[in-house]
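# What the coordinates show
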Amino acid sequence: MFSANDFIPAKYSHSIEKGSFQWSAPSNIALVKYWGKKDHQIPANPSVSFTLNNCKTITKLAFAKKEHFDISTSLNTGLLSVTNTELSFDLLFEGQAKEDFKPKIQKFFERIAVYLPFLKEYHFTIDTQNTFPHSSGIASSASGMAALAMNLMSLEKALNPEMTDDYFFRKASFLARLGSGSACRSVKGSVVVWGNHAKVLGSSDLFGVEFPNAIHDNFKDFQDTILLVDKGEKQVSSTIGHELMHNHPFAERRFTQAHENLNQLISIFKSGDLNEFIKIVESEALTLHAMMMTSMPYFILMKPNTLEIINSIWKFRNETKIPVCFTLDAGANVHVLYPKKDKPKILQFIKSELVGYCQNSQYICDEIGIGSQLIMDN
Ligand code: PMV
């Protein structure tokens, strides 16, 4: 059993003046949803996700020891450094200074400072971009926080080269979780469980783990085509959303149900039973939205076109027997999940019947991936 204290390092063996790293981290799509949390980003129930491959954040982290930091460099780029007593960083999004992202990063750094004592010794330049279109309604917090956490762990490993890979990835997930809960499922692996579950060996509330049991070939090349129904700002931020589960009339039953559904998925992953998979995944998506509809205050995050798409998928599945299903995040976009062998038929179906329900006919083709990747180590 790990505790948060296990991630507070002892002395570092090396010192390093400056350098940079670059990592990519993918988004992920939950099959059993995380909705509701306790203090310190501890989930109210376990969740499991498929890691995506194409929807990614790419983040470069440059660092320089503060006493050697050349303030004129900062003046040259025209950027103002955030210096909040001890934490200091600049933030670029797609090459441009992005002031409105800074408070979130500032808060993240404050939360993780105790686990990364070196944070206060450096000035950081964070240069970040997403592979998916800006304001597509796809949350970038999971991939964004995971990419930043990977970079920070690369720096910690440079300070402590004896660090094992296990520790590296576990702590990266632990840190990412403190940025955005679901980000801890974007670090490593194709199928990732986050949250204590009696039947998932090594599972923890503190970090995501690669699903340790057998996974049938049926799931190994799963596709996720994301239909962009509403690209607007999120109506309910996930912080507010999770809070709605406090004193929610159905909360306890929901949390128990998530354990049961994950339990069932363990057998389904082994057997490859796609019909049973579909039942759990669609029920989880609708339950997530049912929780929002039955909270106080209440929200409907689906749009009429979300329902049109769901009905079309059900009709198509009935007629063709192709095992295609949907899931939803806390918004109106629809993730269409299906095995790769059915891709030509599903894409044809999407183009002929679903694209009309998407804003500007936009959708993104993604598939199951393997997690974060190191791009550059300088
Ligand atoms: O990681 P957060 O706090 O943005 O919450 C994500 C919640 C859902 O996307 C709705 C579900 C999930 O498990 O990813």
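The notes below deal with the structure included here. Model, not experiment: these values are computed from the prediction.

## Focus: the side chain of Ser141
Tracing the chain through its elements places Ser141 in helix H3 (residues 141-159). At a separation of 3.4 Å, a polar atom in the side chain of Ser141 contacts the side chain of Ser180. What Ser141 contacts, discounting residues up to four positions off in sequence, is Lys104, Ser180 and Ala183.

## Observations concerning the pairing of strand E1 (residues 18-32)
For E1, a buried count of 14 out of 15 residues is recorded, marking the element as mostly surrounded by other parts of the structure. Relative to strand E4 (residues 47-65), E1 runs antiparallel, the two sharing 13 bridges. Bridge assignment links Ala30 to a residue of E4, and that residue is Ser49. For E1 and strand E15 (residues 373-377), the ladder comprises four bridges, and the chain directions are antiparallel. Pairing of Ser24 across the sheet is with Gln373, part of E15.

## Focus: the packing of H3 against helix H4 (residues 165-179)
Running from N to C, H3 and H4 point in directions that differ by 140 degrees, and their axes come no closer than 8 Å. Overall, the two elements H3 and H4 adopt an arrangement that is oblique. Between H3 and H4 lies a crossing whose hand is right-handed. Residue-level contacts link Met145, Ala146, Ala149, Met150, Met153, Ser154, Glu156 and Lys157 of H3 to Asp165, Tyr167, Phe168, Phe169, Lys171, Ala172, Leu175, Ala176 and Gly179 of H4.

## So, the sheet that holds strand E11 (residues 223-227)
Whenever strands of a sheet pair, they do so through backbone hydrogen bonds, lying parallel or antiparallel. Judged by pairing direction, the sheet is antiparallel, and its four strands sit side by side in the order E12-E13-E11-E14 without closing on themselves. Edge positions in the open sheet fall to strand E12 (325-328) and strand E14 (363-367), since each of these has one partner strand only. Neighbour-to-neighbour, the strand axes of this sheet turn through a mean angle of 25 degrees, independent of strand direction. The pairing of E11 with strand E13 (residues 334-338) spans five bridges and is antiparallel. When the bridges of E13 are listed, Thr225 appears paired with Val336. Sheet strands touched by helix H7 (residues 274-293): E12 and E13. Its angle to E12, the strand with the most contacts, is close to 30 degrees. Strands E11, E13 and E14 of the sheet are contacted by helix H9 (residues 343-354), whose axis makes an angle of about 10 degrees with E11.

## Brief notes about the packing of aromatic side chains
Per the stated rule, a full pass over the model turns up 28 aromatic pairs. Consider the rings of Phe168 and Phe169, whose centres lie 5.0 Å apart with planes at 85 degrees: the pair is edge-to-face. With a centroid separation of 6.1 Å and an interplanar angle of 55 degrees, the aromatic rings of Trp314 and Phe326 are classed as tilted. Of this pair, Trp314 sits in helix H8 (residues 304-320) while Phe326 sits in strand E12, placing them 12 residues apart in sequence. What makes Phe326 buried here is its relative accessible area of 0%. Put simply, the rings of Tyr12, Phe21, Phe63, Phe89, Phe108, Phe109, Phe118, Tyr122 and Phe124 touch in pairs and so form one group of aromatic residues. Its guanidinium or amino end placed over the ring of Phe101, Lys98 lies 5.1 Å from that ring's centre, counting from NZ or CZ.

## What about the pattern of salt bridges?
Side chains that differ in sign of charge can pair as their charged atoms come close. For the structure on display, the rule yields 13 salt bridges. Between Glu156 and Lys171 there is a salt bridge, with the nearest N and O atoms lying 2.7 Å from each other. In this pair, Glu156 is assigned in helix H3 and Lys171 in helix H4, connecting sequence segments 15 residues apart. There is no split in this pair, since Glu156 and Lys171 are both buried. Salt-bridge contacts for Asp342 lead to Lys341; the nearest nitrogen and oxygen are separated by 3.6 Å.

## Some remarks on a positive patch on the surface
On the surface, a cluster of positive charge is made up of Lys104, Lys107, Arg111 and Lys234. Within the secondary structure layout, Lys104 lies in helix H2 (residues 102-112).

Criteria and cut-off values
- Residues numbered from 1 in each chain as written.
- Predicted model: local features only at pLDDT ≥ 70, side-chain atom pairs only at ≥ 80, totals over all residues.
- Heavy atoms only, no water.
- Helix = DSSP H or I, 4+ residues; strand = E, 2+ residues; numbered from the N terminus.
- Polar contact = N/O pair within 3.5 Å; in protein donor to acceptor, adjacent residues only side chain to side chain.
- Contact = heavy atoms within 4.5 Å.
- Buried < 20%, exposed > 50% of the residue type's maximum accessible area, 1.4 Å probe, protein only.
- Pairing = 2+ DSSP bridges.
- Axes fitted to C-alpha atoms, helices over the stretch in contact; angles between N-to-C directions.
- Parallel < 35°, antiparallel > 145°, perpendicular 65-115°, else oblique.
- Left-handed = near helix turned anticlockwise from the far one by under 90°.
- Phe/Tyr/Trp six-rings, centres within 6.5 Å; stacked < 30°, edge-to-face > 60°.
- Lys NZ or Arg CZ within 6 Å of the ring centre and 35° of its normal.
- Salt bridge = Lys/Arg side-chain N within 4 Å of Asp/Glu carboxyl O.
- Patch = residues over 30% accessible without salt bridge, like charges linked within 9 Å, V, L, I, M, F, W, Y side chains within 5 Å.
- Areas by Shrake-Rupley, 256 points an atom, 1.4 Å probe, with all protein chains shown as cover.
- Lys, Arg positive; Asp, Glu negative; His and termini not counted.
- Charge placed at Lys NZ, Arg CZ, Asp CG, Glu CD.

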